Amino acid sequence: MYQSEDRSKTPAAATTAVLTGLGAWLPPREVTNDELCSHLDTSDTWIRERIGIAVRRRADPKTATGDLAVEAGSRALRSAGISSVDAVVLATTTPDHPCPATAPDVAARLGLGNVAAFDISAGCSGFVYASTVAAGLIRSGTATRVLVVGAETMSAIIDPEDRSTAPIFGDGAGAVVLEAGRPGQAGALGEVVWGSDGERGDAIVIPVGGSRNRDSRHSAPKADFSVRMHGNEVLRHAIRRMVAAATRAASAAGWEPADVDRLIVHQANARISAGVAAALGIPPERVPSNIAEVGNTAAASIPLLLAHAAARGSLQPGHRVLVVAFGSGLAWAATTLVWPAGVCAEL
Ligand code: COA
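Note that this is a predicted model, so its numbers are computed, not measured.

### Brief notes about the confidence of the model for the protein
Of the residues in the protein, 96% reach a pLDDT of 70 or more, and the chain-wide mean stands at 95. Considering only residues more than four positions removed or in separate chains, one finds that residues 1–8, a stretch of pLDDT under 50, has 19 contacts.

Put into structure tokens, the structure is as follows:
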């Protein structure tokens, strides 16, 4: 098994996972609402008012999720000031290939050697799920440092002719480094509250391309290889589930909603974020947002928002931060941390 150079320093007891590095990367091409309107029956006003998006990024067709992950991952490693980790965990809905996982290639291209590397598929909750798994590896002593990446090329799985999904999703990547530290230390991940509802899995689904329905792989229309979404149903469940999970995560940290300095909520729709914040009693000025400029970047959404909020000074050392996500599965997850000093986001 690969071991990083200072694995011998693994603390024996009361170890937890602490955020020590943060990075993000966006492909340069911006797609405006007006550009979408040239081939979709929609409008700039509808998209701004109903979703809250003005522009999203699209990777060029030769750029895959692994490329975005390498960019964000290298920035997170630089932010943490390290060049080795014990594991790479990549959350994505859009892996480079159905097989193998994308994380081993990302680890190799980052020069991380033969470390453990694997993907996690939990839709827009993927980054919080991946961080929870990484924190478990650290708490159990299996790893001392883990690179956790959320990266998506959503443009690869969106039907450009579908007005109910094409305006929403964007491409991008964000990453954090988690390292062994003490519980109670700033940056330590709090308890996770997570769950899933597989009975509503068809609310967001790509019908063809996996092992289900493989008989129709050659006859299915192209659109069946893209995301189908019952947006209204997703919206309803998103608010309900995120409010419940966030309430329990805050309570596990010993916080009342009024104690929360920053709510980092998955950027699905500005109305969803506003609904979650209102139900939690957290005022809008404590709810950073970047959906207007990046859209819904699925598993990349939370680390991208953390990086943008930190870089813009919206996240300050000592802030009590409540993180919550929701997406396909259906799956949701919430956790907490006190924002650490000395973590500079690399963009
Ligand atoms: N432009 C213009 N009109 C549109 C449109 C678009 N891009 N997309 C849908 N509409 C129309 C619908 O056809 C419908 O028309 P009708 O009343 O004539 O039938 C009307 O707008 C209302 O549709 P509805 O689906 O009820 O709208 P909504 O308020 O729920 O907003 C979403 C649609 C998709 C923006 C919203 O449901 C959403 O954001 N859901 C969460 C999606 C998400 O982020 N999922 C990812 C995982 S979290």
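Okay, back to it.
### Comments concerning the site of the ligand
Near the ligand, the surroundings consist of 23 residues, among which Thr42, Arg50, Asn232, Asn269 and Arg271 are the closest. Contacts to the ligand include Asn232, whose side-chain N or O atom sits 2.8 Å from an oxygen atom. The separation between an oxygen atom of the ligand and a polar side-chain atom of Asn296 is 3.2 Å. For the ligand, the protein covers 72% of the area, taking 940 Å² as the surface of the free molecule.

### Digging into the sheet that holds strand S8 (residues 193–196)
Taken together, 4 strands build an open sheet; the order of strands is S8-S13-S12-S11 and the sheet is mixed. Either end of the sheet is taken by a strand with one partner, and the two such strands are S8 and strand S11 (262–265). Strand-to-strand twist across the sheet, computed as the mean angle between neighbouring axes with direction ignored, equals 15°. The sheet contact formed by S11 and strand S12 (residues 320–327) spans 4 bridges and is parallel. Paired with Leu263 across the two strands is Leu322, which belongs to S12. Of the strands in this sheet, S8, S11, S12 and strand S13 (331–338) are in contact with helix H6 (residues 231–252), which crosses S12 at around 145°.

The rules behind the values
- Residues numbered from 1 in each chain as written.
- Predicted model: local features only at pLDDT ≥ 70, side-chain atom pairs only at ≥ 80, totals over all residues.
- Heavy atoms only, no water.
- pLDDT = per-residue confidence, 0-100.
- Contact = heavy atoms within 4.5 Å.
- Near = heavy atom within 4 Å.
- Polar contact = N/O pair within 3.5 Å; in protein donor to acceptor, adjacent residues only side chain to side chain.
- Areas by Shrake-Rupley, 256 points an atom, 1.4 Å probe, with all protein chains shown as cover.
- Pairing = 2+ DSSP bridges.
- Helix = DSSP H or I, 4+ residues; strand = E, 2+ residues; numbered from the N terminus.
- Axes fitted to C-alpha atoms, helices over the stretch in contact; angles between N-to-C directions.

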